Amino acid sequence: MVIYTDNLNSIQIFNSLSCLPAYNHLLHRSVDILLANDLQLRVLHIPGDDNVIADALSQCRFSSALNIIPELHISPFQPPRWTLGATEK
Amino acid sequence: MPTHAVPKPHSSDLRMVTDHSTGVHSLNSMIDHKKVTGFPLDNMTHMGEMLLAYYCQSLGSHDLIVWKSDIAEAHQLMPLHLVWQLKQVNTVDGLRYIDRNCTFGSCSSAAIFICFNSLVAWIAKNKRGIKHLSTYADDSSGFNRKDNFLLYEPYAMSFPRSQTLLLHLWDDLSTPHKLKKQVFGSVIPIIRIDVDPNNMTLTLPREKRVDLCDALYSWAIKPANGTKTNYQLKYWQQMGGWLNWAFNVFPLLRPCLNNFYPKTSGSHHPMRRIWINNAIRDDFAWAARHIEASSGVHLLRSSHWDISSADITAYCDACPEGMGFWYPSSNLAFYSPTPPNLHLSAIFYFEALCVLCALTDAASRLD
């Protein structure tokens, strides 16, 4: 699986599997998924300006995304609840 | 320099050891730590990359033989500065003996030997044409085709061609070696990991997995009476080294040291005591559970595979208000708001969380 992001920090931690303690539970969970499904993951860089659809989704600008790809099927997702506790510190 | 006698393993003989770390003015305390650390050891990643490159270039498979050669006396061959020799005095029955060479237990011995053996490896590769060579402290290893043997006359025996060439080079440099430490075969252990160059696997045998899991659980267990646990820095370094070795076979378990390393930074004093915290206990228990569930076989495959061969491709982005990801192949797109009143510094966290969410979603669609 290939995941593109414009965030260099994410690219570094997912490809090296080393990170600050605050991120480590995200890496644990990722590795659990990779091992359970025999998946190989590469996280690669895309310049922010080229990441138009994902950028529009994150900012809730659904109509701009749909203008570019009218067939886009947009739905909400819920991040695992345990991942949100870390931000309250 | 304090000396002791310790039993030799698998024998009733005793071995003399010198203690370089005990006491206020111990030998190791006089060595600038910064100058003797950071000397990289090749590991199985290097051997794996050589095997992968070999299979890419040589179309079709050839039967390969893997070999390993060991330098006798390794560290003790390295001469030391005269001024340092003065510090290495052994007293036996009232007589003083000066150790002129590097001795086991000195914190500089690994760095000095790695310098030397790296130069030997450079000569072997660039001047003697040994294409595939990897070194780990005093072990050198490589591989050849099964039909490519060369006689090494002093041992009246044929070895894989590169191994014979390396032995010749060692002879030219007066580097000693012993027949029983020159090993080859279709599967042999290198740094205690079974290397199979034809099936492209690295295997950690069951006993070694059990030993490692025992050690991980002994760190992970929380004392029942609520007391806290600490270990000396030297045991932390041992555990870190043990895990780094295991990552050759379990590369995905590297996150289990992410809470560990920050605790070991600071003073290098080997007797310094460091407390274990719950995050490290969780990390070690997590690693042990994965090791127990694994067969111990790691299949060598390139981590730089062609991105166009990916089965799934997703694009992610996060901003302070939300996260989004989508799959171009299916036009499925997903959005989630971030919790309200987020501090701006949390954005890196949500960028990483967004990658995890894309991975989680993709895995849930696999079956």
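Parameters and conventions
- Residues numbered from 1 in each chain as written.
- Chains lettered and ligands numbered in written order.
- Predicted model: local features only at pLDDT ≥ 70, side-chain atom pairs only at ≥ 80, totals over all residues.
- Helix = DSSP H or I, 4+ residues; strand = E, 2+ residues; numbered from the N terminus.
- Rg over C-alpha atoms; globule rule 2.2 N^0.38 Å.
- Buried ≥ 20, exposed ≤ 12 C-beta atoms within 10 Å, placed from the backbone.
- Contact = placed C-beta atoms within 7 Å.
- Nonpolar A, V, L, I, M, F, W, Y, C, P; charged D, E, K, R; others polar.
- Core = buried A, V, L, I, M, F, W, Y, C linked by C-beta atoms within 7 Å.
- Pairing = 2+ DSSP bridges.
- Axes fitted to C-alpha atoms, helices over the stretch in contact; angles between N-to-C directions.
- Domains from an automatic or database assignment.
- Parallel < 35°, antiparallel > 145°, perpendicular 65-115°, else oblique.
- Left-handed = near helix turned anticlockwise from the far one by under 90°.
- pLDDT = per-residue confidence, 0-100.
- Expected span 1.5 Å × (residues − 1).

1. Points about the overall build of chain A
Scanning chain A for helices and strands turns up five helices and three strands. Taken from N to C terminus, the helices and strands of chain A fall in the order β-α-α-β-α-α-β-α. For chain A, whose C-alpha radius of gyration is 15 Å, the value lies well above the compact-globule estimate of 12 Å for 89 residues. Based on the C-alpha atoms only, the size of chain A along its principal axes is roughly 40 × 30 × 25 Å. When each of the 89 residues of chain A is scored for burial, the buried share is 33%. For chain A, long-range pairs separated by at least 24 residues make up 57% of all intrachain contacts whose partners lie at least 6 apart in sequence.

2. Structural notes on the overall build of chain B
Along its length, chain B carries nine helices and 19 strands. Buried residues in chain B amount to 28% of all 367 residues. Sequence-distant contacts, at least 24 apart, represent 64% of the contacts inside chain B between residues at least 6 apart.

3. Some points on the interface of chain B and chain A
Taken together, the contact between chain B and chain A spans 51 residues of the former and 57 residues of the latter. Broken down by secondary-structure element, the contributors of at least two residues to the side of chain B that touches chain A are α8 (278-293), β17 (313-319), β18 (322-327), β19 (332-337) and α9 (347-364) of chain B. Take the side of chain B that touches chain A: its biggest share by element is 14 residues, from α9 of chain B. A breakdown of the residues in the side of chain B that touches chain A according to their chemical character gives 36 nonpolar, nine polar and six charged.

4. A word on the nonpolar core
Counting 76 residues, the largest nonpolar core has I3 of chain A together with C316, F325, C354, V355 and A358 of chain B as the members making the most contacts within it. Here this core takes eleven residues from α9 of chain B, the largest share from any one element. In terms of nonpolar packing, the next biggest core, distinct from the first, is built from six residues, A124, I130, L133 and L166 of chain B among them.

5. Quick look at the sheet that holds β19 of chain B
What the six strands build is an open sheet, ordered β2(A)-β1(A)-β17(B)-β18(B)-β19(B)-β3(A); its pairing is mixed. What marks the edges here is a single partner per strand, and that holds for β2 (42-45) and β3 (73-76) of chain A. Mean inter-strand twist for the sheet, computed between neighbouring axes without regard to direction, equals 25°. The pairing of strand β1 (residues 2-5) of chain A with β2 of chain A spans four bridges and is parallel. Looking across to β2 of chain A, one finds that Y4 of chain A is bridged to L44 of chain A.

6. A few points about the pairing of strand β9 (residues 157-160) of chain B
Residue and element names in this part refer to chain B. Relative to β9, strand β8 (residues 149-152) runs antiparallel, the two being bridged by four bridges. Bridge pairing in β9 links L151 to S158. A loop of four residues connects β8 with β9, the two strands running antiparallel in sequence, and A156 in this loop sits at a positive phi of about 45°.

7. Some thoughts on the sheet that holds strand β16 (residues 297-299) of chain B
All names here are of chain B. Read across the sheet, four strands follow the order β11-β12-β13-β16 without closing on themselves; strand pairing throughout is antiparallel. Both outer strands of the open sheet, β11 (188-190) and β16, are each paired with one neighbouring strand and no more. Shown here is a sheet whose adjacent strand axes are inclined to one another by a mean of 30°, direction ignored.

8. Observations concerning the domain arrangement of chain B
Note on interface size: it is often stated as the accessible area lost on association of the parts. Parsing chain B into structural domains produces domain 1 (3-202), domain 2 (204-299) and domain 3 (307-364). Each of domain 1 of chain B and domain 3 of chain B has a C-alpha centre, and these two points are 47 Å apart.

9. Here's the deal with the packing of helix α2 (residues 24-37) of chain A against α9 of chain B
Between α2 of chain A and α9 of chain B, whose axes approach to 10 Å, the crossing angle comes to 20°. In terms of orientation, α2 of chain A lies roughly parallel with respect to α9 of chain B. Taken as a pair, α2 of chain A and α9 of chain B cross one another with a handedness that is left-handed. For the pair α2 of chain A and α9 of chain B, contact is made by L26, R29, S30, I33 and N37 of chain A and by A352, L353, L356, L359, T360 and A363 of chain B, respectively. Tallied by class, the residues present in the contact of α2 of chain A with α9 of chain B amount to seven nonpolar, three polar and one charged.

10. Looking at unusual backbone geometry
Positive phi, close to 50°, is recorded for D38 of chain A, a residue that is not glycine. In this fold, D38 of chain A is placed in the loop between α2 and β2. Here N331 of chain B, not a glycine, exhibits a phi torsion of approximately 60°, which is positive. Topologically, N331 of chain B is positioned in the loop between β18 and β19.

11. Looking at the confidence of the model for chain B
Reading predicted coordinates in detail is not appropriate for stretches of low pLDDT. Taken as a whole, chain B shows an average pLDDT of 90; of its residues, 98% reach a score of 70 or greater. The ipTM value of the predicted complex is 0.96, and its pTM value is 0.87.

12. Points about helix α4 (residues 161-172) of chain B
All names here are of chain B. Between its first and last C-alpha atoms α4 spans 17 Å; for twelve residues at 1.5 Å apiece the expected length is 16 Å, and the two agree. Those residues of α4 that are buried are in contact with β3 (64-70), α3 (109-126), β7 (139-145), β8, β9 and β10 (183-185). S174, located one to two residues past α4, shows a positive phi value of around 55°.

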